[in-house]
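# Descriptive structure summary
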Amino acid sequence: MPAFKGKSASLARAEDRPLFAVDGATQSGYTGRVTAKQAKESETKADSADKARVRLAQTGRNDPCPCGSGKKYKKCHLVEDESATIAPPTAPDPDQLLATGWRLFEQRRPGAAEKEFRAALALKPDWADALAGIGLARLQSGDNDGARKEFGEVKRVSESVAAELRQSSAKDAFSRREAQSYIRSCHALGCLDFDEKKYDEALVELERVYAVDEGPVGTEARLIAGIALIKLTRATEAVTVLDVAAKSEVGAGRGSMSLALALFLAGNMTSANEALDKALGANPSFAKVLLGRIPKRPANLSAAAPGSREEAFAYVQTYGDAWEEPAKKFLEEYVDGKAAERKAAAPSADAG
């Protein structure tokens, strides 16, 4: 599959920031806020430290102790006041470490991010969030095998989460913080399998995602799964999977384009034309790029908004090889037919 500026499609999809909205606070649950009890305890300690600093500044070692005991300060409260002004060492917080890891990941610093994720994992073993972070850092650095191992660990420690999602017939899994690492890992594994042309394996992982999520993440999984089914010459099944994606807001253009391909391969020409109507109505550039009427170039994924030319470049870069010559001929005939209709209608429009 064509690479995204030197990256695999799996990396581009698995770390898709607009799609996954990676955020340290959201992913880890750490917000930087303290409870009322913690704030009160902190205020009490700070007040005691301030009073100790005043006594240290105003009282000599051999002066009478301010407490009124009659003893010299050095024999009474000097050591205690000195200790009160020394900040105690702070124990590492796994949530803070995880949040730092995500910030570094966003900055494209996978090595530094992995160190933070591993430090968090050392404090909180079998933590799915930290394992997923390590996996994505490995993926970002190009270590696909290492990433696959960590994502597999996420699945292992998330078995109860996966079971609960299935049993509750969840359709919003990625909106649930406790399920995000599981969903992210299954999605990444599906993309890795797709890149390696292990389409059957990819379908298993991607189905884990879209079966419990109907949002943008689940829709993206359906788009990839649909093409995997087409690659396996299972066009009828692809229609079922892609039909849902085409009806979603985020998948209207790309989903309809792939649905048109699946319908064409399944022999349903009427519905294939209807799907093309919707796809090219959402983004006319799909056909132009696929047919080479606009020169192909690497897509700028950060600018691939729905309806944009960049979206068309990204689609063709990711799924273009699924459109083989018969399908391209069908597309070309459709586009030329529509152009002829517009041309034929033009005179009557002018006359009116």
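Cut-offs and rules
- Residues numbered from 1 in each chain as written.
- Predicted model: local features only at pLDDT ≥ 70, side-chain atom pairs only at ≥ 80, totals over all residues.
- Heavy atoms only, no water.
- Disulfide = S-S within 2.5 Å.
- Patch = residues over 30% accessible without salt bridge, like charges linked within 9 Å, V, L, I, M, F, W, Y side chains within 5 Å.
- Areas by Shrake-Rupley, 256 points an atom, 1.4 Å probe, with all protein chains shown as cover.
- Salt bridge = Lys/Arg side-chain N within 4 Å of Asp/Glu carboxyl O.
- Lys, Arg positive; Asp, Glu negative; His and termini not counted.
- Charge placed at Lys NZ, Arg CZ, Asp CG, Glu CD.
- Buried < 20%, exposed > 50% of the residue type's maximum accessible area, 1.4 Å probe, protein only.
- Helix = DSSP H or I, 4+ residues; strand = E, 2+ residues; numbered from the N terminus.
- Phe/Tyr/Trp six-rings, centres within 6.5 Å; stacked < 30°, edge-to-face > 60°.
- Expected span 1.5 Å × (residues − 1).
- Arc of directions from axis to C-beta.

Applying the stated rule across the entire model yields zero disulfides. Here Cys76 stays free of any disulfide, with the sulfur of Cys67 as its closest cysteine sulfur at 3.6 Å.

So, about a positive patch on the surface. On the surface, Arg61, Lys72, Lys74 and Lys75 cluster together into a patch of positive charge. By relative accessible area, which is 34% here, Lys74 ends up partly exposed.

The tally for this structure, following the rule as stated, stands at 29 salt bridges. One salt bridge connects Arg55 with Asp81, and the closest N-O pair in it is separated by 2.7 Å. Highlighted residues: Arg55 in helix H4 (residues 36-58) and Asp81 in helix H5 (residues 78-84), separated in sequence by 26 residues. Judged by relative accessible area, which is 29%, Arg55 ranks as partly exposed. A salt bridge links Arg234 to Glu237; the shortest N-O distance between them is 2.9 Å. Through salt bridges with shared partners, a single network forms among Glu114, Arg118, Arg138, Asp143, Lys149 and Glu150.

On inspection of all chains with the given rule, the structure shows six aromatic pairs. Aromatic pair Trp102 and Phe105: ring centres 5.7 Å apart, planes at 90°, arrangement edge-to-face. Taken together, the residues span about one helical turn, with Trp102 and Phe105 both in helix H6 (residues 94-106) at a distance of three residues. Residue Trp102 is classed as buried on the basis of its relative accessible area, which comes to 0%.

The next point concerns helix H16 (residues 269-282). Across its 14 residues, H16 extends 20 Å between first and last C-alpha, which sits within 8% of the 20 Å expected from 1.5 Å per residue. Restricting attention to buried positions, one finds in H16 the residues Ala272, Ala275, Leu276, Ala279 and Leu280. Along the axis of H16, the buried residues cluster in a sector spanning 125°; they form a single face. Looking at H16, the residues exposed on the side facing more than 90 degrees away from the buried face are Thr270, Glu274 and Gly281.

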